[in-house]
Every structure is written in structure tokens, then in C-alpha cells.
Amino acid sequence: MSNARNWGPEGLASSIGGQSSTLLREAALEYRLKALKEVALNLLTEVESLGSAQPPRADRSLKLPDEVRQFEIDLIKIALDRTSGSQTRAASLLGVKPHHAQYQD
């Protein structure tokens, strides 16, 4: 019968073995670094898109149709940038069906 001490972190590490424990820690660290890189790249993309967005108008006479159109244009530009200009993949990213008669990659 095992005692409670064997079920703690020390008991687990000794039952797995030092090398396996090190490999597990390295894999966990690698996964966390990969996730951090992905978050950083996404954040950088968002910051860059903010820099290329149209500045707000000073006259404050906002018209909803104009604002919606500009928003859509900005979304399309960002999608095309993220897909390296592929209109088909950009359409997929935006959740719209591509109309192949209008354009091709």
C-alpha cells in the first residue's frame, strides 16, 4: 500500500523519473512560449491596423452608412493583409462566400 507522500509532487517526480520530469517541464515551457508569441503577433497586427485606420472626422457629422462602409473597407483590407492578398482566403476569414466571377486570386 502506498502512503500519501508518494502522491505528492516529489513522489510523482521520483516515480516518473528526473529526465521525464525535465522533458515535461520543457514541453510546457515551449507551449507557453509559443502561445505568448502568437498573442504578441496578434497584438502587433491589431496595433498596425489601428495605425492604418482612417482618423475620425473633426466635423463630427457622422453618417451611419458612411461609417459602416468605411468599417467594412478597413475589415477587408485587414483580411487581405492577413491572407497575403488571397481574396478567397480573405472572404473565408470574413465569413462570406467568395463570388468567383468577380475576382480570382
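Residues numbered from 1 in each chain as written. Predicted model: local features only at pLDDT ≥ 70, side-chain atom pairs only at ≥ 80, totals over all residues. Heavy atoms only, no water.

Engineer: Looking at this model, I keep getting lost on the pattern of salt bridges. Mind explaining?
Structural biologist: Pairing of side chains with opposite charge becomes possible as their charged atoms draw close. Under the defined criterion, the tally for this structure stands at one salt bridge. Here Arg82 makes a salt bridge to Glu46, at a shortest N to O gap of 2.5 Å. Here Arg82, found in helix H3 (residues 64-82), pairs with Glu46, found in helix H2 (residues 18-52); they are 36 residues apart in sequence, far enough to count as distant. (Salt bridge = Lys/Arg side-chain N within 4 Å of Asp/Glu carboxyl O. Helix = DSSP H or I, 4+ residues; strand = E, 2+ residues; numbered from the N terminus.)

Engineer: Hey, could you run me through the packing of H3 against helix H4 (residues 87-94) in this one?
Structural biologist: Relative orientation and spacing of two packed helices are given, respectively, by the angle between their axes and the distance between those axes. Interhelical geometry of H3 versus H4 gives an angle of 120° and a closest axis separation of 8 Å. Looking at the two axes, H3 sits oblique to H4. As for the relative orientation of H3 and H4, their crossing is right-handed in sense. Contact residues: Leu75, Ile76, Ala79, Leu80 and Arg82 in H3; Gln87, Ala90, Leu93 and Leu94 in H4. (Axes fitted to C-alpha atoms, helices over the stretch in contact; angles between N-to-C directions. Parallel < 35°, antiparallel > 145°, perpendicular 65-115°, else oblique. Left-handed = near helix turned anticlockwise from the far one by under 90°. Contact = heavy atoms within 4.5 Å.)

Any link to function would need more than the numbers given here.
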